[in-house]
Amino acid sequence: MKKWEENVRRVVPYTPGEQPNVPGMIKLNTNENPYPPAPGVLQALAEMDAERFRLYPDPASSVLVEALADYYHRPKEQFFVGVGSDDVLAMAFQTFFNSKKPILFPDITYSFYPVWADLFGIPYEQPALDEAFQVVREDYQRENGGIVFPNPNAPTGLYMEPAGVEEILCRNPDVVVIVDEAYVDFAGPSAMELIDRYENLLVVQTFSKSRSMAGMRIGFAVGNPVLIQYLNDVKYSFNSYTMSQAALELGAACVRDGAYFQETQKKIIAARERTKEKLLELGFSFPDSRANFIFARHESCSASEMFEALKKQNIYVRHFDAPRIRDYLRITIGTDEQMDILIGFLREYLKR
Ligand code: PMP
């Protein structure tokens, strides 16, 4: 090892899903939305004034924050925006998880959480989900330095009703609880409704899934203004201009086009329910997903074999080679047509 390397911060990075660029592929591996961004976004893009790029963007991201505040009927002081929810979550870990006690998150969950914890030197424990992949709420009653979990959980897709989230909040008034709602628009009520009663709750959402804007990198947090102020203090200590001018303008246009958002949301939920029925017929089993993906295993066929066979057909899904979940494939919900092709292939493949 070179002398200078002794001073290097070494980390084991998160592995993002593949972004292959194969013509005609069916991409069901990173939970993107199969539908294009809203018409309002396309119009804002066509009208965008490139001269504006000469200047720095508004560090407070006001146009986007105000669009979100309007849409959710909440004061703008409750919103924080970032470069995808990964940026918002990383910033929130750094801001709120500053205790010597371990933070808690499930053993099977978004695999970025342990990476941020290691990067920021945050101790953590991972209470196991039960056999049915449900969160065991009693496990979140022990002493801790903070709590984070996705709802619906990833990659299982299981959703916890607001009453369950509230039970965890009730038991943990002395730490910040982060609910990562990347997939909540496909599921049910958001925990946002609990913010006014729990000043230690931070809800994080993204434009990458239900809003068809993964490439634009927009995420946001909603919480008590005091929490949001602490987040901003850390943001301004790191990078004042996280959001590009393009992301601010297109993000605001996206939020204003609420009708399109609701329409695509419905189509994806309908395709998900239809896909569940077909997968059951083919001998798959899965937790009852409320997200835009299904986490499925087959009674007689190995997940890694199916993963490779699908890839040969240019159908990309995700497989995690990790304890407890290596028998499963995570299949993003695409268009009806894409799901028909997937099911058609699996039907033939399983007949071999
Ligand atoms: N949280 C969860 C649970 C996710 O699955 C993802 C997507 N990988 C994210 C957060 C981050 O999404 P983004 O940074 O695109 O908003």
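Rules used in this analysis
Residues numbered from 1 in each chain as written. Predicted model: local features only at pLDDT ≥ 70, side-chain atom pairs only at ≥ 80, totals over all residues. Heavy atoms only, no water. Axes fitted to C-alpha atoms, helices over the stretch in contact; angles between N-to-C directions. Helix = DSSP H or I, 4+ residues; strand = E, 2+ residues; numbered from the N terminus. Parallel < 35°, antiparallel > 145°, perpendicular 65-115°, else oblique. Left-handed = near helix turned anticlockwise from the far one by under 90°. Contact = heavy atoms within 4.5 Å. Nonpolar A, V, L, I, M, F, W, Y, C, P; charged D, E, K, R; others polar. Buried < 20%, exposed > 50% of the residue type's maximum accessible area, 1.4 Å probe, protein only. Pairing = 2+ DSSP bridges. Right-handed = clockwise from strand over helix to strand, strands pointing away. Near = heavy atom within 4 Å. Polar contact = N/O pair within 3.5 Å; in protein donor to acceptor, adjacent residues only side chain to side chain. Areas by Shrake-Rupley, 256 points an atom, 1.4 Å probe, with all protein chains shown as cover. Domains from an automatic or database assignment. Buried area = accessible area lost by both parts, 1.4 Å probe. Salt bridge = Lys/Arg side-chain N within 4 Å of Asp/Glu carboxyl O.

1. Some points on the packing of helix α2 (residues 62-72) against helix α7 (residues 245-256)
Right, so step 1: In contact at an axis separation of 8 Å, α2 and α7 are set at 10 degrees when each is read in the N-to-C sense. Relative to α7, the element α2 is oriented roughly parallel. When the axes of α2 and α7 are compared, the crossing they make is left-handed. Residues Val-63, Leu-64, Ala-67, Leu-68 and Tyr-71 of α2 form the contact with α7, whose participating residues are Leu-248, Gly-251, Ala-252, Val-255 and Arg-256.
Right, so step 2: A breakdown of the residues in the contact of α2 with α7 according to their chemical character gives eight nonpolar, one polar and one charged.

2. Things to note about the pairing of strand β5 (residues 147-150)
Right, so step 1: Of the two faces of β5, the one holding Ile-147 and Phe-149 and the one holding Val-148 and Pro-150 are both buried throughout.
Right, so step 2: Direction of pairing for β5 relative to strand β6 (residues 177-180): parallel, over a ladder of four bridges. Bridge pairing links Phe-149 to Val-179 in β6.
Right, so step 3: Between β5 and its parallel partner β6, the chain crosses via helix α5 (residues 162-171), and the hand of that crossover is right-handed.

3. Concerning the site of the ligand
Right, so step 1: Around the ligand, the structure places 14 residues, and the nearest of them are Ser-85, Asp-180, Tyr-183, Thr-206 and Ser-208.
Right, so step 2: One of the side-chain N or O atoms of Thr-206 is found 2.5 Å from an oxygen atom in the ligand.
Right, so step 3: Within the side chain of Ser-208, one N or O atom sits 2.6 Å away from an oxygen atom of the ligand.
Right, so step 4: In the complex, the protein chains occlude 91% of the 400 Å² of accessible area that the ligand would expose alone.
Right, so step 5: Tallying contributions element by element places helix α3 (residues 84-96) first for the shell around the ligand, with four residues.
Right, so step 6: Tallied by class, residues from the shell around the ligand come to six nonpolar, four polar and four charged.

4. Notes on the domain arrangement of the protein
Right, so step 1: Along its sequence, the protein is organised into domain 1 (24-36 + 259-349) and domain 2 (39-257).
Right, so step 2: With centres defined by C-alpha atoms, the gap from domain 1 to domain 2 works out at 25 Å.
Right, so step 3: The partner domain 2 presents 30 residues to the 28 residues of domain 1 that form the contact.
Right, so step 4: Carbon and sulfur atoms supply 57% of the area buried between domain 1 and domain 2, which totals about 2300 Å² over both sides.
Right, so step 5: Its largest share of buried area at the contact with domain 2, domain 1 owes to Phe-261, Arg-290 and Arg-324, together 35% of the area lost on that side.
Right, so step 6: Counting across the domain 1 and domain 2 interface gives one salt bridge.
Right, so step 7: Between Asp-107 and Arg-324 there is a salt bridge, with its nearest N and O atoms 2.8 Å apart.
Right, so step 8: Those elements that place two or more of their residues in the side of domain 1 that touches domain 2 are α8 (258-281), β10 (293-298) and β12 (328-332).
Right, so step 9: For the side of domain 1 that touches domain 2, the leading source of residues is α8, giving nine residues.
Right, so step 10: Residue composition of the side of domain 1 that touches domain 2, by class: 14 nonpolar, eight polar and six charged.

5. As for the sheet that holds β12
Picture the strands of a sheet paired through backbone hydrogen bonds; they go either parallel or antiparallel.
Right, so step 1: Across the sheet, which stays open at both edges, the three strands sit in the order β9-β10-β12 with antiparallel pairing between neighbours. Across the chains shown, the open sheet's two edge strands, defined by having one partner strand only, are β9 (284-285) and β12.
Right, so step 2: Pairing of β9 with β10 involves two bridges; the strand directions are antiparallel. The residue bridging Ser-285 from the neighbouring strand is Arg-297, located in β10.
Right, so step 3: Taken strand by strand, helix α10 (residues 336-351) contacts β9, β10 and β12, and its axis lies near 150 degrees from that of β12.

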